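Chain and residue survey
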Amino acid sequence: MNDGTLTLPWRLIREDDNGNRYSVGRYATQAEAEKMADRLDASGHKQLYWVECIGPNGQGATDTLN
């Protein structure tokens, strides 16, 4: 496990219209990640954003990101 996983365990993910998933950023707290997701969602882009906690092995529920 690297230091980034320990200090930034919350990942923001975006899914585009074609079903491709991308890691948008990593955050220290869930609230910070959700605030960014809300901001991006409100910007008018019709993408799907969600937040997940990265587990101890460095992977979250969405382990195959572009």
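Remember, it's a predicted structure, so these values are computed and weren't measured experimentally. (Residues numbered from 1 in each chain as written. Predicted model: local features only at pLDDT ≥ 70, side-chain atom pairs only at ≥ 80, totals over all residues. Heavy atoms only, no water.)

1. Here's the deal with the sheet that holds strand β2 (residues 21–27)
Pairing within the open sheet is antiparallel, and its 3 strands lie in the order β2-β1-β3. With partners counted over all chains shown, the strands left at the sheet margins are β2 and β3 (48–53), one partner each. Each neighbouring strand pair of the sheet contributes to a mean axis angle of 25°, computed without reference to strand direction. Alignment of strand β1 (residues 10–15) against β2, held across 6 bridges, turns out to be antiparallel. Opposite I13, over in β2, you have S23 as the bridge partner. (Pairing = 2+ DSSP bridges. Helix = DSSP H or I, 4+ residues; strand = E, 2+ residues; numbered from the N terminus. Axes fitted to C-alpha atoms, helices over the stretch in contact; angles between N-to-C directions.)

2. Comments concerning the side chain of D16
By secondary structure assignment, the location of D16 is in the loop between β1 and β2. In this structure, D16 is buried with no salt-bridge partner, the nearest side chain bearing the opposite charge being R14 at 4.8 Å. Within the structure, the side chain of D16 is placed 2.9 Å from the backbone nitrogen of N20, a separation counted as a polar contact. Beyond its immediate chain neighbours, meaning those up to four positions away, D16 contacts Y22 and Q47. (Buried < 20%, exposed > 50% of the residue type's maximum accessible area, 1.4 Å probe, protein only. Lys, Arg positive; Asp, Glu negative; His and termini not counted. Salt bridge = Lys/Arg side-chain N within 4 Å of Asp/Glu carboxyl O. Polar contact = N/O pair within 3.5 Å; in protein donor to acceptor, adjacent residues only side chain to side chain. Contact = heavy atoms within 4.5 Å.)

3. Brief notes about the pattern of salt bridges
Going through the model one piece at a time under the given rule, you end up with 2 salt bridges. For R11, the salt bridge is made with E52, and the minimal N-O distance between the two is 2.6 Å. You can see R11 sitting in strand β1 and its partner E52 sitting in strand β3, a full 41 residues away along the chain. Grouping residues by exposure puts R11 and E52 together as buried. Between R21 and E15 there is a salt bridge, with the nearest N and O atoms lying 3.0 Å from each other.

4. Focus: helix α2 (residues 30–42)
The end-to-end C-alpha separation of α2 is 18 Å, in line with the 18 Å expected for 13 residues at 1.5 Å each. Positioned one or two residues after α2, G44 has a phi angle of 100°, which is positive. (Expected span 1.5 Å × (residues − 1).)

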